[in-house]
Amino acid sequence: MNFEFTDEQKLFAESVHRFALAHLEKDALKRAHASRYPFDVAKLLSAQGLMGITIPEADGGIGGTLMDAVIAIEQIAAVCPRSSDVVQFGNFGPIRTFAEYATPAQKARWLPKLLAGDMVMSLGMTEPDAGSAVTDLVTSAKADGQNYVINGTKVFSTFSPDAAIFLVYVRYRPGLGGIGSVIVERDMPGFTIGVPSSFMSGEQWCELHFDNCRVPAENVLLGPGGFKKQMGSFNVERLGNSARSLAFGRYAYNVAREHALTREQFGRPLCEFQGLQWKFAEMAIKLEAAQLLLYRAAVNADRGVPSAYETAVAKAACNQTGFEVASESVQVMGATGYSRETLVEYCMRRCRGWMIAGGSIEMLKNRIAEHVFDRRFDQRPPKAKAQAAE
Ligand SMILES: Cc1cc2nc3c(=O)[nH]c(=O)nc-3n(C[C@H](O)[C@H](O)[C@H](O)COP(=O)(O)OP(=O)(O)OC[C@H]3O[C@@H](n4cnc5c(N)ncnc54)[C@H](O)[C@@H]3O)c2cc1C
């Protein structure tokens, strides 16, 4: 067992850090407070080889490891937190599911633009009545000649105000085995995108409405039975979410540490007060522990897909740590931490969302408990279970 980066990983981390300092540091504050997807950053990161790190070279990616992509998130976020959303998109998000299951024609059509940073994709999974219980989704896809007719509504989709294409989870028929996905293009008749709403983080999302939206059969990504495959890829998304949570917590911690070294009250620097020293000690313990869990899940990923259990443990730890550390960093910095002149409050707001998104901490704990007891705990009441089985 070795807890050090390899020489290659060290060099990679240093080069990404240097790149971030040179190109992303200057506007980090401005970028964080802009609600829309930073296409300029996406193009920069693409030119630097930081999009598609985990996607095979044959598909236009870099053919690297999940750990490389985690390192990229950490190094970019350490300088410009907001820009790490682009690393997330280009390496961990729906693009991974797409690259894994798309047909050659679908890949040829969309992957080059997605990897070049010219286009962004949004994931339409959550519905008004299907959040944590995602398999309750009712957005339907009915075959009609060479098309599928889509009806339903999706909510909370990240990047939806800017996305050109949407990876939409649909139901072809009842039951778990009836779920799959299609690619819906922004301008398809019958597809309307609502006015943007804002998350606490300042990011925007729009309701997606499908009203007899006709999607050609060549836009089907996964047919009936695709749900389990999609959820396998979703563990990758969860690691990206974990990496950003941790990186944002660490960003806030570093700013707070600097503040505690320089800010004086009662005639001495803040770091000389034991009440604050212990906060930093606790933050350091949490950051180190969560980082090990994150690295374990990324390094152990089998053919690029991390285990569900290791991912659940890592995400729960990183989400909790990111938020708690960012929140304590705000506290340590007083009103300065609470104000928008630094990115500490921003990191706290972003981390709060990741405790809900991509598998809430509670749902992850359900998964972990199943591992602990080596048995499945159905969340549904017995009556609903019987109905679902019909
Ligand atoms: C920042 C952000 C970005 C997002 N991006 C996307 C996106 O790109 N695409 C997309 O499709 N969706 C996205 N979502 C939506 C996200 O997937 C859902 O918010 C999430 O699945 C939870 O669903 P819900 O909000 O409906 O909460 P609910 O499912 O209603 O849950 C409410 C609360 O109850 C808890 N709970 C529910 N069931 C259980 C249980 N069985 N045991 C214990 N606790 C339980 C939950 O953990 C939560 O705390 C995003 C959300 C956020 C916050």
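Summarised in this report is the structure supplied together with it. (Residues numbered from 1 in each chain as written. Predicted model: local features only at pLDDT ≥ 70, side-chain atom pairs only at ≥ 80, totals over all residues. Heavy atoms only, no water.)

**Regarding the pattern of salt bridges**
Here comes step 1: According to the stated counting rule, one finds 21 salt bridges in the structure shown.
Here comes step 2: In this structure, the salt-bridge partner of Glu 324 is Lys 286, at a minimum N-O distance of 2.8 Å. Separated by 38 residues along the polypeptide, Glu 324 in helix H10 (residues 308-332) and Lys 286 in helix H9 (residues 274-299) bring together distant segments of the chain.
Here comes step 3: The class of Lys 286 is partly exposed, set by a relative accessible area of 31%.
Here comes step 4: Among the charged side chains, a salt-bridge network with shared partners connects Arg 82, Asp 85, Glu 203, Arg 244 and Arg 350. (Salt bridge = Lys/Arg side-chain N within 4 Å of Asp/Glu carboxyl O. Helix = DSSP H or I, 4+ residues; strand = E, 2+ residues; numbered from the N terminus. Buried < 20%, exposed > 50% of the residue type's maximum accessible area, 1.4 Å probe, protein only.)

**Quick look at the packing of helix H8 (residues 227-262) against H9**
Here comes step 1: The geometry of H8 relative to H9 is characterised by a closest axis approach of 10 Å and an angle of 155° between their N-to-C directions. By the angle between their directions, the pair H8 and H9 is classed as roughly antiparallel. Of the two elements, H8 crosses H9, and the hand of that crossing is left-handed. Residues Leu 239, Ser 242, Ala 243, Leu 246, Gly 249, Arg 250, Tyr 253, Ala 256, Arg 257 and Ala 260 of H8 form the contact with H9, whose own contacting residues are Phe 280, Met 283, Ala 284, Leu 287, Glu 288, Ala 290, Gln 291, Leu 294, Ala 297 and Ala 298.
Here comes step 2: The residue makeup of the contact of H8 with H9, split by class, is 14 nonpolar, three polar and three charged. (Axes fitted to C-alpha atoms, helices over the stretch in contact; angles between N-to-C directions. Parallel < 35°, antiparallel > 145°, perpendicular 65-115°, else oblique. Left-handed = near helix turned anticlockwise from the far one by under 90°. Contact = heavy atoms within 4.5 Å. Nonpolar A, V, L, I, M, F, W, Y, C, P; charged D, E, K, R; others polar.)

**Remarks on helix H6 (residues 94-101)**
Here comes step 1: In terms of residue burial, H6 counts as a mostly covered element, since six of its eight residues are buried.
Here comes step 2: The complete set of buried residues in H6 reads Pro 94, Ile 95, Arg 96, Thr 97, Phe 98 and Ala 99.

**Looking at the site of the ligand**
Here comes step 1: In the region of the ligand, 18 residues are neighbours, and Leu 123, Thr 126, Ser 132, Ser 360 and Glu 362 sit closest.
Here comes step 2: The side chain of Ser 132 places a nitrogen or oxygen atom 2.7 Å from an oxygen atom of the ligand.
Here comes step 3: Here Ser 360 contributes a side-chain N or O atom positioned 2.6 Å from an oxygen atom of the ligand.
Here comes step 4: When contributions to the shell around the ligand are tallied by element, the ones reaching two or more residues are strand S1 (121-124) and helix H13 (361-373).
Here comes step 5: Here the shell around the ligand takes three residues from H13, the largest share from any one element. (Near = heavy atom within 4 Å. Polar contact = N/O pair within 3.5 Å; in protein donor to acceptor, adjacent residues only side chain to side chain.)

**Digging into the packing of aromatic side chains**
Here comes step 1: Inspection of every chain in the model, using the stated rule, returns 18 aromatic pairs.
Here comes step 2: Taken together, a centroid distance of 4.9 Å and an interplanar angle of 70° make the contact between Tyr 37 and Phe 159 edge-to-face. With Tyr 37 in the loop between helix H2 (28-32) and helix H3 (39-47) and Phe 159 in the loop between strand S3 (147-154) and strand S4 (165-171), this pair connects stretches of sequence that are 122 residues apart.
Here comes step 3: Since its relative accessible area comes to 5%, Tyr 37 is described here as buried.
Here comes step 4: Using a relative accessible area of 12% as the deciding quantity, one classes Phe 159 as buried.
Here comes step 5: With a centroid separation of 6.3 Å and an interplanar angle of 90°, the aromatic rings of Tyr 169 and Phe 227 are classed as edge-to-face. On the criterion of sequence distance, the pair formed by Tyr 169 in strand S4 and Phe 227 in helix H8 is long-range, its members being 58 residues apart.
Here comes step 6: Through pairs of rings, three or more aromatic residues link up here, namely Tyr 37, Phe 39, Phe 89 and Phe 159.
Here comes step 7: Over the ring of Phe 323 we find Arg 352, and its NZ or CZ is 5.5 Å from the ring centre. (Phe/Tyr/Trp six-rings, centres within 6.5 Å; stacked < 30°, edge-to-face > 60°. Lys NZ or Arg CZ within 6 Å of the ring centre and 35° of its normal.)

**Things to note about the packing of H10 against helix H12 (residues 344-354)**
Here comes step 1: Interhelical geometry of H10 versus H12 gives an angle of 150° and a closest axis separation of 8 Å. The pairing of H10 with H12 is recorded here as roughly antiparallel in orientation. In this structure, H10 meets H12 at a crossing whose hand is left-handed. Along its contact with H10, which presents Lys 315, Asn 319, Gly 322, Phe 323, Ala 326, Ser 327, Ser 329 and Val 330, the element H12 presents Val 344, Glu 345, Cys 347, Met 348, Cys 351, Arg 352 and Trp 354.
Here comes step 2: Here the contact of H10 with H12 is built from residues that sort into eight nonpolar, four polar and three charged.

**Looking at the nonpolar core**
Here comes step 1: By size, the foremost hydrophobic cluster in this structure holds 110 residues, and its most contacted members are Leu 45, Ile 76, Phe 89, Phe 98, Leu 114, Val 182 and Val 184.
Here comes step 2: Ranked by residues supplied to this core, first place goes to H8 with 13 residues.
Here comes step 3: If near-sequence neighbours (up to four positions away) are discounted, Phe 98 is found in contact with Gln 106, Lys 107, Trp 110, Leu 111, Leu 114, Met 121, Leu 167, Ile 183 and Leu 221.
Here comes step 4: Val 313, Ala 316, Leu 364 and Ile 368 belong to the second largest nonpolar core, which has five residues in total. (Core = buried A, V, L, I, M, F, W, Y, C linked by side-chain atoms within 4.5 Å.)

**Description of a nonpolar patch on the surface**
Here comes step 1: On the surface, Met 1, Phe 3 and Leu 292 cluster together to form a nonpolar patch covering roughly 450 Å² of accessible area.
Here comes step 2: On the secondary structure map, Leu 292 appears in helix H9. (Patch = residues over 30% accessible without salt bridge, like charges linked within 9 Å, V, L, I, M, F, W, Y side chains within 5 Å. Areas by Shrake-Rupley, 256 points an atom, 1.4 Å probe, with all protein chains shown as cover.)

**Side note on the pairing of strand S9 (residues 208-216)**
Here comes step 1: In terms of strand pairing, S3 meets S9 through seven bridges, oriented antiparallel. Opposite Gly 152, over in S9, you have Phe 210 as the bridge partner.
Here comes step 2: When strand S6 (residues 191-193) meets S9, the two strands line up antiparallel, connected through three bridges. Note on S9: the bridge partner recorded for Phe 191 is Phe 210. (Pairing = 2+ DSSP bridges.)

**Here we look at the side chain of Arg 171**
Here comes step 1: Along the chain, Arg 171 turns up in strand S4.
Here comes step 2: For Arg 171, which is buried and forms no salt bridge, the nearest opposite charge comes from Asp 136, at a distance of 6.2 Å.
Here comes step 3: Polar side-chain contacts of Arg 171 include one of 2.8 Å to the backbone oxygen of Leu 137.
Here comes step 4: Once you skip the residues sitting within four places of it in the chain, Arg 171 turns out to touch Thr 135, Leu 137, Thr 139, Ser 140, Ala 141, Gly 178 and Ile 179. (Lys, Arg positive; Asp, Glu negative; His and termini not counted.)

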